[in-house]
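# Descriptive analysis of the structure
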There are 2 protein chains.
Amino acid sequence: MTTVEEATRLVLSTVRSLPVERLPLPDALGRILREAVTADRDFPPFNRVAMDGIALSYAAVAQGQTQFEVVGMQFAGQSPTPLTNPATTLEIMTGAMLPPGADTVVRYEDVDIAEHTDGRRVATVRVLPPKAGHNVHVQASDRHQGDVLLPEGTLLGPAEVAVAATVGATHLVVAQRPHVAVVSTGDELVELDQAPLPYQIRRSNSYMLQAAVWQAGGRAERFHFNDDPEALRQGLPPLLHQYDAVLLSGGVSMGKADFLPAALAEAGVEQLFHGVQQRPGKPFWFGQHPQGAVVFALPGNPVSTFVNYCRYAAPWLRAVQQPTLPQLEATYAVLAADFTFNPPVTHFLLVSLHSTSDGRLLATPERAHGSGDLASLLPSSGFLELPAAQSVFPAGTVLPVWRFR
Amino acid sequence: MTTVEEATRLVLSTVRSLPVERLPLPDALGRILREAVTADRDFPPFNRVAMDGIALSYAAVAQGQTQFEVVGMQFAGQSPTPLTNPATTLEIMTGAMLPPGADTVVRYEDVDIAEHTDGRRVATVRVLPPKAGHNVHVQASDRHQGDVLLPEGTLLGPAEVAVAATVGATHLVVAQRPHVAVVSTGDELVELDQAPLPYQIRRSNSYMLQAAVWQAGGRAERFHFNDDPEALRQGLPPLLHQYDAVLLSGGVSMGKADFLPAALAEAGVEQLFHGVQQRPGKPFWFGQHPQGAVVFALPGNPVSTFVNYCRYAAPWLRAVQQPTLPQLEATYAVLAADFTFNPPVTHFLLVSLHSTSDGRLLATPERAHGSGDLASLLPSSGFLELPAAQSVFPAGTVLPVWRFR
């Protein structure tokens with residue numbers, strides 16, 4: 001049976017780059033940039049006034065001058081008026097271009113402006129500026145024209161969208177969203193609007209996986225097949241050719257109705273592994289069609305389905321959108337209580353997570369009734385990955401954690 | 001001037017419940033539940049077989065019997081066949097209802113099944129089950145019919161969607177998305193597709209805020225007003241009546257073109273505070289229209305705009321969707337390097353955040369060029385809140401952190 005590490009390596013070995021598309025800027029939120037965004041101008045593009053106040057020449061202040069005749073007013077967005085006489089000053093607003101002849105801004109709070117009866121206005125500097133350039137955001141001090149601001153592979157959040165706006169990027173080139181078929185299997189499953197017979201239950205895994213794919217930046221459609229080799233023989237090939245990935249749940253255990261591995265082989269899907277040294281999720285099957293989709297055949301117990309989706313499929317969905325980037329950093333959490341797990345397999349332990357006032361992330365194991373207990377996911381915010389080689393985990397042990405909220 | 005704590009209290013004092021809407025289950029992902037979801041059946045709804053194997057009566061095993069004639073096969077989703085003779089067994093698959101007469105399942109891995117020439121099949125139990133009920137997920141052991149599975153106020157993620165599917169909730173009642181007008185002000189701002197003059201820049205704050213509102217579960221439209229009292233007088237009233245919140249950026253400093261506070265007062269917006277003891281974001285103005293929107297008038301420097309949005313507006317947007325719930329838990333991070341900030345105001349310090357292998361969240365201050373340096377948001381994943389009363393923060397200090405990625 002495959003180890004978790006080897007299964008991870010095999011899953012990520014199938015990652016290839018998705019095609020790109022060009023989207024209007026607001027629609028690119030949450031997507032992965034696939035063409036770098038560079039600065040079309042310096043940042044700031046001019047010597048930018050950083051406070052409301054008066055613009056003057058520092059040399060005059062340095063020579064002891066504290067009173068300046070106010071010869072004008074310049075708002076942000078106005079063409080600058082040169083300050084030709086260094087004994088004078090201009091009122092000036094945040095965001096304005098510093099005019100030629102001025103090099104320093106004194107904010108209103110540090111100035112008194114007196115209006116004389118003849119209409120002349122005189123500013124008295126009460127708090128002297130410490131140096132030339134005070135309250136001026138100097139051209140190119142943040143970034144230079146031509147600098148890469150957003151490299152390929154960037155996840156586009158609000159700050160990235162704003163930076164793109166600043167350089168006039170009305171459209172961005174991003175990775176297409178991975179297109180996923182989510183397939184439930186099992187004769188015991190009925191649709192949501194049907195009343196289940198006493199020995200039936202409603203479909204839930206396909207709704208869960210569809211939602212999870214959406215959250216990972218993909219788009220997903222739901223399908224259902226009964227436990228019937230013929231239904232699989234007919235149903236699988238179109239999905240393998242129309243989707244980037246097929247997520248199946250159920251049908252991969254040792255049961256007599258677990259027809260999936262055979263049906264997938266028949267449909268031309270190459271098995272990369274079947275069975276992983278882990279709990280939950282031992283029967284997990286993974287393969288790849290030579291000209292088509294990768295197939296995650298997840299165990300059908302809902303906790304097992306979800307945990308294995310998070311552990312293997314979600315990183316794959318992220319990776320196909322940003323194949324040039326290294327893997328995400330691991331997150332670590334501190335086990336809040338002693339925990340023992342004897343079987344020599346990797347254990348994914350559902351936990352609730354809390355930030356403590358000493359800056360640690362504390363993981364409290366959630367009481368679970370086994371991998372059939374879907375509701376045990378509700379109070380959990382992730383799962384710890386307990387290595388196979390260890391059985392006893394004292395409170396305080398630090399372990400990698402996979403967050404799903 | 002208002003303290004950060006008082007500003008927070010005043011902002012949240014305006015929270016009232018948004019109307020609800022009823023959505024198809026898949027569309028409810030990411031929304032806040034406003035009508036509890038209860039169990040329509042027990043969980044599991046029947047004694048559910050948890051492993052593929054054989055179903056038998058534990059009493060027979062306890063009496064020393066290890067060989068059982070296999071009298072049938074029951075798949076998941078089939079009506080159960082009672083096991084009338086406790087000396088016999090049924091092959092049974094995961095997810096099936098345990099048949100009357102059986103109380104224990106032995107998995108295939110622990111059984112040998114021999115096929116005799118007369119067609120009889122006999123199972124020999126190699127590994128004895130430890131107790132009655134082994135590998136059976138007992139009816140109602142997880143939840144009882146009528147239990148609240150998802151309380152009002154729940155944020156609907158994939159696991160919650162799955163739980164709702166299980167109880168047949170084809171539709172869910174959720175809070176409407178808050179509807180937000182995002183308004184940029186400033187004569188220096190041009191649209192993205194215009195070539196800015198040397199003293200102009202492109203709009204970016206409104207794109208940033210629109211994206212941020214979207215991420216917080218709201219929907220937002222963008223507007224722009226020039227620094228012109230008449231434009232504000234005409235433009236503001238319709239927004240105040242059509243939206244739940246108006247987010248403005250710029251126009252609230254001490255500048256001669258900062259007409260907003262007067263224009264808002266004229267439009268009937270009651271000022272709750274103007275000016276907060278914080279950096280960045282000192283000029284932040286907040287108010288409420290008696291029959292309309294709340295107004296967040298954020299400072300126009302992009303870092304200031306974004307940090308104050310995250311600190312005040314994002315929690316408000318969340319709270320109006322789930323007004324019955326307590327505030328979100330604080331998250332804490334450990335300062336990675338000594339930091340000094342002398343002014344006696346609360347300081348929001350941009351940091352990158354990394355999970356360390358000892359389970360702590362480490363916050364490294366990002367070099368910033370002041371609140372005009374939009375690009376300094378890019379390497380940051382949040383900001384620490386440094387209390388006003390303290391100036392020197394040695395490495396290792398633990399502080400509340402606001403994450404925006």
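How each quantity is defined
Residues numbered from 1 in each chain as written. Chains lettered and ligands numbered in written order. Predicted model: local features only at pLDDT ≥ 70, side-chain atom pairs only at ≥ 80, totals over all residues. Heavy atoms only, no water. UniProt positions renumbered as here; feature names shortened; annotations may be inferred. Contact = heavy atoms within 4.5 Å. Buried area = accessible area lost by both parts, 1.4 Å probe. Salt bridge = Lys/Arg side-chain N within 4 Å of Asp/Glu carboxyl O. Helix = DSSP H or I, 4+ residues; strand = E, 2+ residues; numbered from the N terminus. Nonpolar A, V, L, I, M, F, W, Y, C, P; charged D, E, K, R; others polar. Pairing = 2+ DSSP bridges. Axes fitted to C-alpha atoms, helices over the stretch in contact; angles between N-to-C directions. Polar contact = N/O pair within 3.5 Å; in protein donor to acceptor, adjacent residues only side chain to side chain. Buried < 20%, exposed > 50% of the residue type's maximum accessible area, 1.4 Å probe, protein only. Least-squares fit on C-alpha atoms with pLDDT ≥ 70 in both. Phe/Tyr/Trp six-rings, centres within 6.5 Å; stacked < 30°, edge-to-face > 60°. Lys NZ or Arg CZ within 6 Å of the ring centre and 35° of its normal. Domains from an automatic or database assignment.

- If you check an unreviewed UniProt entry, chain A appears there as Molybdopterin molybdenumtransferase from Hymenobacter aerilatus.
- Here chain A is described in UniProt, under the heading Catalytic activity (unreviewed entry), as follows: "adenylyl-molybdopterin + molybdate = Mo-molybdopterin + AMP + H(+)".
- One UniProt comment on chain A, placed under Sequence similarities (unreviewed entry), says "Belongs to the MoeA family."

## A word on the interface of chain A and chain B
- In this complex, chain A contributes 94 residues to the contact, which on the side of chain B involves 94 residues.
- Summed over both partners, the interface of chain A with chain B buries about 7,300 Å², with 62% contributed by carbon and sulfur atoms.
- Linking chain A with chain B are 6 salt bridges.
- Where Asp40 of chain A meets Arg202 of chain B, a salt bridge forms, and the shortest distance between an N and an O atom there is 2.9 Å.
- When residues of the side of chain A that touches chain B are traced back to their parent elements, those giving at least two are strand 11 (148-150), helix 3 (158-166), strand 15 (201-202), helix 4 (205-215), strand 22 (331-335) and strand 24 (346-355) of chain A.
- Ranked by residues supplied to the side of chain A that touches chain B, first place goes to helix 3 of chain A with 8 residues.
- Each residue belonging to the side of chain A that touches chain B can be placed in one class, and the counts come to 45 nonpolar, 26 polar and 23 charged.

## With respect to the sheet that holds strand 13 (residues 179-185) of chain B
Residues and elements named next belong to chain B.
- Across the sheet, which stays open at both edges, the 6 strands sit in the order 16-13-17-21-20-18 with mixed pairing between neighbours. The open sheet is flanked by strand 16 (219-225) and strand 18 (270-274), the only strands paired with a single partner. Within the sheet, the average angular offset between the axes of one strand and its neighbour, ignoring direction, is 20°.
- In the sheet, strand 20 (residues 285-288) pairs with strand 21 (residues 294-298) via 4 bridges, with the strands oriented antiparallel. Residue pairing in the sheet places Gly287 in a bridge with Val295 of strand 21.
- Running at roughly 165° to strand 16, helix 4 (residues 205-215) makes contact with strand 13, strand 16, strand 17 (245-249) and strand 21 of the sheet.
- Where helix 5 (residues 229-242) meets the sheet, its contacts fall on strand 13, strand 16, strand 17 and strand 21, and the angle it forms with strand 16 comes to roughly 170°.

## Considerations on the environment of Asp42 of chain B
Residues and elements named next belong to chain B.
- Its place among the elements puts Asp42 in the loop between strand 2 (37-38) and strand 3 (48-49).
- In this structure, the C-alpha to C-alpha distance between Asp42 and Gln139, residues 97 residues apart in sequence, is 6.5 Å.
- Excluding anything up to four places from it in sequence, Asp42 contacts Gln139, Ala140, Arg143, His144 and Gln145.
- For Asp42, the side chain forms a polar contact with the side chain of Gln139, separated by 3.0 Å.
- A distance of 2.9 Å separates the side chain of Asp42 from the backbone nitrogen of Gln145, its partner in a polar contact.

## A short note on the pattern of salt bridges
- Applying the stated criterion across every chain yields a total of 34 salt bridges over all chains.
- The closest approach of N and O atoms between Glu152 of chain A and Arg34 of chain A, which form a salt bridge, is 3.6 Å. One end of the pair, Glu152 of chain A, is in the loop between strand 11 and helix 3; the other, Arg34 of chain A, is in the loop between strand 1 (20-24) and strand 2 (37-38), and 118 residues separate them in sequence.
- One salt bridge connects Glu160 of chain A with Arg405 of chain B, and the closest N-O pair in it is separated by 2.8 Å. With Glu160 of chain A in helix 3 and Arg405 of chain B in the segment after strand 28 (398-403), the pair connects residues from two separate chains.
- Here Glu160 of chain A falls in the buried class, since its relative accessible area comes to 3%.
- Each member of the salt-bridge network shares a partner with another, and the members are Glu69, Asp118 and Arg120 of chain A.

## Observations regarding the relation of the copies chain A and chain B
- Structural alignment of chain A on chain B gives an RMSD of 0.1 Å, achieved by rotating through 180° and translating 0.0 Å along the axis. Expressed as a symmetry operation, the mapping of one chain copy onto the other fits a two-fold axis. Every residue of chain A has its C-alpha some distance from the rotation axis, and the shortest such distance is that of Arg360 of chain A, at 2.1 Å.
- Of the residues that chain A buries at the interface, 100% are likewise interface residues in chain B, meaning the two copies contact each other through the same surface.

## Observations regarding the packing of aromatic side chains
- Throughout the structure, instances matching the rule amount to 20 aromatic pairs over all chains.
- Plain terms: the ring middles of Phe223 of chain B and Tyr243 of chain B are 6.0 Å apart, the flat faces sit at 80° to each other, and that makes the pair edge-to-face. Of this pair, Phe223 of chain B sits in strand 16 while Tyr243 of chain B sits in the loop between helix 5 and strand 17, and the two are 20 residues apart along the sequence.
- The rings of Phe273, Phe284, Phe286, Phe296, Tyr312 and Trp316 of chain A are connected pair by pair, giving a single aromatic cluster.
- The ring of Trp214 of chain B carries Arg177 of chain B above its face, with NZ or CZ at 4.3 Å from the centroid.
- Stacked on the ring of Tyr312 of chain B, the Lys or Arg Arg311 of chain B has its end atom at 5.2 Å from the ring centre.

## Some remarks on the domain arrangement of chain A
Residues and elements named next belong to chain A.
- Each assigned domain of chain A is listed with its residue range as follows: domain 1 (4-18 + 176-319), domain 2 (20-43 + 141-175), domain 3 (48-137) and domain 4 (331-403).
- The centre of domain 1, based on its C-alpha atoms, is set 35 Å off from the matching centre of domain 2.
- Tallying the contact residues gives 5 residues for domain 1 and 8 residues for domain 2.
- In total, domain 1 and domain 2 occlude about 510 Å² of area from one another, counting both sides; carbon and sulfur atoms represent 44% of this.
- Applying the counting criterion to the domain 1 and domain 2 interface returns 0 salt bridges.
- Taken together, the connections running from domain 1 to domain 2 amount to 2 residue pairs in polar contact (both at pLDDT 80 or more).
- Grouping the constituent residues of the side of domain 1 that touches domain 2 by class yields 1 nonpolar, 2 polar and 2 charged.

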